[in-house]
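Structure assessment
If you want the building blocks of each chain, they are given just below.
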Amino acid sequence: PDARCMPPLSTKEKAYVQEWLDLATHDLRAAERMVADAPSTFGYLIAFVAQQATEKLVKAALLTQAIPFPKTHDIPALLVLLSQHLTFSAADYSNAATLADYAVEVRYPGKKINLSELQAAVQMAQQFEQRLLPFVQAALV
């Protein structure tokens, strides 16, 4: 269905989407601060929080279109659901897969993540924010 055919969100639905958006924004700002201020102190948490920000942004976008989604950290799968309303490139799916990997594995022994990967994770999350934020905000008007 075309987004223009969607009935406007109710006040309650808008408030719920805004909650997701607020959480995503807080996560991304935190990741940005951590990578700028003390990446060696925060380490993997930077990539994890960047992943969380992106996941919440995508879920907020899905909510604006009344698209149900499973409880998952699989950002590429969530993008597939959203692809009926937005077009994503192969690079978008690749970045989403990279971020999705930071949901679990990096939080346990055996997976080390270097500074350039931490910086890249934040940059990927920022790119998703630039793409998805206007889409979500349009539904909140």
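Further up the page is the structure itself.
Conventions used here
Residues numbered from 1 in each chain as written. Predicted model: local features only at pLDDT ≥ 70, side-chain atom pairs only at ≥ 80, totals over all residues. Heavy atoms only, no water. Axes fitted to C-alpha atoms, helices over the stretch in contact; angles between N-to-C directions. Helix = DSSP H or I, 4+ residues; strand = E, 2+ residues; numbered from the N terminus. Parallel < 35°, antiparallel > 145°, perpendicular 65-115°, else oblique. Left-handed = near helix turned anticlockwise from the far one by under 90°. Contact = heavy atoms within 4.5 Å. Nonpolar A, V, L, I, M, F, W, Y, C, P; charged D, E, K, R; others polar. Expected span 1.5 Å × (residues − 1). Bend = angle between axes of the 7 residues up to and from the residue. Buried < 20%, exposed > 50% of the residue type's maximum accessible area, 1.4 Å probe, protein only. Salt bridge = Lys/Arg side-chain N within 4 Å of Asp/Glu carboxyl O.

**Brief notes about the packing of helix α1 (residues 11-37) against helix α6 (residues 115-139)**
Close contact between α1 and α6 brings their axes to 10 Å; oriented N to C, the two are set at 155°. Here α6 runs roughly antiparallel to α1, going by the angle between their axes. Classified by chirality, the crossing of α6 by α1 is left-handed. Between α1, through K14, V17, L21, T25, L28, R29, A31, E32 and V35, and α6, the contact on the second element is made entirely by L118, Q119, V122, A125, Q126, E129, L133, V136, Q137 and A139. Residue classes in the contact of α1 with α6 are distributed as 11 nonpolar, four polar and four charged.

**Focus: α6**
Compared with an ideal rise of 1.5 Å per residue, which puts 25 residues at 36 Å, α6 spans 36 Å between its outermost C-alpha atoms and is within 8% of the ideal. Roughly 35° is the biggest bend found in α6, and it falls at L132, with proline P134 one to four residues downstream. Every buried residue of α6 is listed here: L118, A121, V122, M124, A125, F128, E129, L132, L133, F135, V136 and A139. Against the buried residues of α6 lie α1, α2 (39-42), α3 (44-64), α4 (75-82) and α5 (90-101).

**Overview of the pattern of salt bridges**
Within the structure shown, the criterion is met by six salt bridges. With its nearest N and O atoms 2.6 Å apart, the salt bridge here joins D27 to K56. Remark: K56 occurs in helix α3 and D27 occurs in helix α1; sequence separation between them is 29 residues. Grouping residues by exposure puts D27 and K56 together as buried. Linking K59 and E55 is a salt bridge whose minimum nitrogen-to-oxygen distance equals 2.8 Å. One end of the pair, K59, and the other, E55, are both in helix α3, four residues apart, so they sit about a helical turn from each other. The exposure class assigned to E55 is buried, which follows from its relative accessible area of 7%. What emerges from the salt-bridge pattern is a single network uniting R29, E32 and E129.

Take it as geometry only, folks, not as evidence of what the structure does.
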